[in-house]
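# Examining the three-dimensional arrangement
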Amino acid sequence: MINTWQKTLLALTLSGCSFIGPDRGVDVMTKSNTLERVDLTPRHYRALEHCEHALQTVPHNLFASVQPLSVDQRAKLKWPARVASYKLKDCESFRMRGEILEHLEDIYASKSQRIGVLLPPVSGNESAIQTILDQMRVELTRAGFNPEKSMIIRRTNKNYDDALRASAELVHLDRVAMLIGGLHQSHASAISRMADQSQTPALIVNSDAALGKTAQTMRVYPPLKRLALRLTETLKSQNVRNAIVFYPSNANLELYHLMKAIAGSGISYSEATYNPENPQSILSAVKGQTFRLAGIQGLPAVLIFDNFRMVRHIVNIVSTSLPAKQILFAGNQQWRSPALVLPRDEAIQGALFVDFIGSYRNLPDTIETPVSDNDYFTTAQAASRIDYQIIGHRLGTLATEAVRFGLSRHEIAQRLQSINNKWDTYFPSRDPAFDAQRESSWPVFLFKVMDDTIKEI
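Throughout this document, residue positions are counted from 1 along each chain, in the order its sequence is written. Local features in this predicted model are restricted to residues of pLDDT 70 or higher, and side-chain atom pairs are both shown and tallied only at a pLDDT of 80 or more, whereas totals for entire chains, interfaces and linings draw on every residue. Here the side-chain values reflect all heavy atoms present in the structure, with hydrogen atoms and water set aside.

As a further point, take the side chain of Gln-73. Under the scheme used here, helices are H or I runs from DSSP no shorter than 4 residues and strands are E runs no shorter than 2 residues, and both carry numbers assigned from the N terminus. Tracing the backbone through its elements, the reader meets Gln-73 in helix H3 (residues 71-75). The contact partners of Gln-73, leaving out residues within four places of it in the chain, are Glu-169 and Leu-173. Contacts between residues were defined by any pair of non-hydrogen atoms, one from each residue, lying within 4.5 Å.

Before going further, it helps to spend a moment on the pattern of salt bridges. Salt bridge, as used here, is a side-chain nitrogen of Lys or Arg placed within 4 Å of a carboxyl oxygen of Asp or Glu. As enumerated under the stated definition, the model contains 18 salt bridges in all. The salt bridge involving Asp-431 is made with Arg-226; its shortest N-O contact spans 3.7 Å. Of this pair, Asp-431 sits in the loop between helix H16 (412-416) and strand S13 (445-450) while Arg-226 sits in helix H10 (residues 224-237), and the two are 205 residues apart along the sequence. Judged by its relative accessible area of 24%, Asp-431 falls in the partly exposed class. Salt-bridge contacts for Arg-344 lead to Glu-346; the nearest nitrogen and oxygen are separated by 2.8 Å. One continuous salt-bridge network, built from bridges that share partners, spans Asp-134, Arg-137 and Glu-148. Partly exposed describes any residue whose relative accessible area lies between the buried limit of under 20% and the exposed limit of over 50%, with all areas from a 1.4 Å probe on protein chains only and scaled to the type maximum.

Considering the arrangement of structural elements, one finds Ser-93 in the loop between helix H4 (79-85) and helix H5 (94-109). C-alpha separation for the pair Ser-93 and Arg-82, spaced 11 residues apart in sequence, amounts to 17 Å. Polar contact criterion, stated in full: a pair of N or O atoms within 3.5 Å, where within protein one must be able to donate a hydrogen and the other to accept it, and residues adjacent in sequence count only if both atoms are side-chain atoms. At a separation of 3.2 Å, a polar atom in the side chain of Ser-93 contacts the main-chain amide nitrogen of Met-96.

This paragraph deals with empty space enclosed by the protein. A cavity here means a set of points on a 1 Å grid, drawn over the protein atoms and nothing else, where a 1.4 Å probe fits but cannot get out; a pocket is an open set with protein on both sides within 12 Å along at least five of seven lines, and a residue lines either one if it has an atom within 4 Å of a point. Grid points are joined across faces, edges and corners, and a volume is the space filled by probe spheres set on the points. Summed over all chains, the structure comprises 1 cavity of 30 Å³ or more. Roughly 90 Å³ of volume is contained in the largest cavity. Looking at the largest cavity, the residues that line it are Val-117, Leu-119, Ile-129, Ile-132, Leu-133, Met-136, Ile-180, Gly-181, Leu-183, Val-205 and Leu-395. At 4 residues, helix H6 (residues 126-142) tops the list of elements feeding residues into the lining of the largest cavity.

Our next topic: the domain arrangement of the chain. Looking at the assigned domains, one finds that the chain contains domain 1 (4-107), domain 2 (115-222 + 384-423) and domain 3 (224-355). Taking only C-alpha atoms, the centre of domain 2 and the centre of domain 3 are 36 Å apart. Domain start and end points were adopted from an automatic or database domain assignment.

This is the structure we're talking about:
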C-alpha cells in the first residue's frame, strides 16, 4: 500500500518525466468572465483532471467564437459537432481523454500561412491605410511570401457585430495565423474578443483601444507614452519645475495629457490655447503668459505642441517680451523640419523636441527615403509617408514571424512576447518586442537645435 510521502514522490517523479512534453496550455474565459489556464497536454500524469477541466471551460469559448458565423458557415466546420458530443465521463477512459485533449489542442493550433487584416470602409484616411498595407506587402515579399496569397483583407462597417463576424470568418474559415486591425474602436473590441475566445494572436493598430483579457492581443502603434516619459525626464534633468504649454485649439493633446499624468514628475503646468488662423489670438495667448514666465524662479520651460512655423513665431514673441529670461523651449515631433533651423535664429538655440525617428539613413532598408546632406531631414512628402511605413514595416515583420515558424496558432503570441528585437534592427535590439503591457517597443529620440541643424542627444 502506497503511503502519502510515496504518492508525493511518485507525483514529483512523474512530473519530471520527459513524456509530459511541452506546455500545451491555453488561457480561456470562464462563463463568469474570468481567466483560467487549461492544460491540454494529452499524455500527462494529471490528464484525467486536465480533461475534465478542459470540457468544463473550453467548449464555451469555442462555441462562442463560431456564434457570429451563419448557420451554413458553421455547417462547414467538422469540430463543433464532435466537441458537443464529449461528456465528462469520457475522461475516465485513458484513450478518450488523450483524444479529447489532442483534439481541443488541434482546434486552437490549426492555422494556415495567411494573416487576416480587418479594415473599415474606404474613407478620408485611405491613403495612410494603403501606405501601411503596401509596406506590409514589401516585408512579406522580402521574407519569401506572396502577399496576394498571404494577406486576406476584409472590409467591414464600423460596428462591433460586423467586425466580430468578419473576425470569426478569418479565424475559422480561412484559418489565419494572425489577425491585424483595430483602426476603429469597434473593430479593436471585436478582434480582441475573437482573439480571447479562439486563442488567435492579434495585432491591434490603435493608440488607446483596450486589449483583450488574454495575452493573445498586442498593440502595434507608436507609443506616445514613451515620448512623454523622455520629454518629462529631460525637463527634470534640467531642474525644470514649471512649464507653460501653448497649443492650437484643434491640437491633439494626448502627449501633453500623458506628461501631466506621470507621477512624481514635480512639474507644474500652465496652459494657453489659441486660434492658429488668428494672429491676434496667438499674440494674446503668448503675451498673457509672459508675466507668469517672468515670475518663475529657476529655469522654466515653454512647451509648444504645434508645427515648426508656429514654434518659431511663439519663440520670437516670448524672447522679445523677456529678452533677459533664460527659458527652455521644447516640443513634439511636429517641430521636425529644415524650416525650424533655417535661417538660424539665436532665440531657438538649445530648444529640444522628441520624435520616433532618428537619422533617416537608419530607417529599415525596405523604406525608400530621400535624404539630403543632412541625415535628419527629408522631404515633406516623404516625412508624412514614413510614419505609416514604419507601422506597416512592424506589422509585416511580426506577421512574417507568425506564419514562418512551425508554431501552433495559440503559441505565436507567447513567442512574440518572449523575444527581443534582434530580427528587426530598426527597433531597439535589446528591448523585448513587446513590453509587459503587450505594447510594441518603439525607438524614441531626443533632438536639440544647434546652429542651423538638429543633433541627436
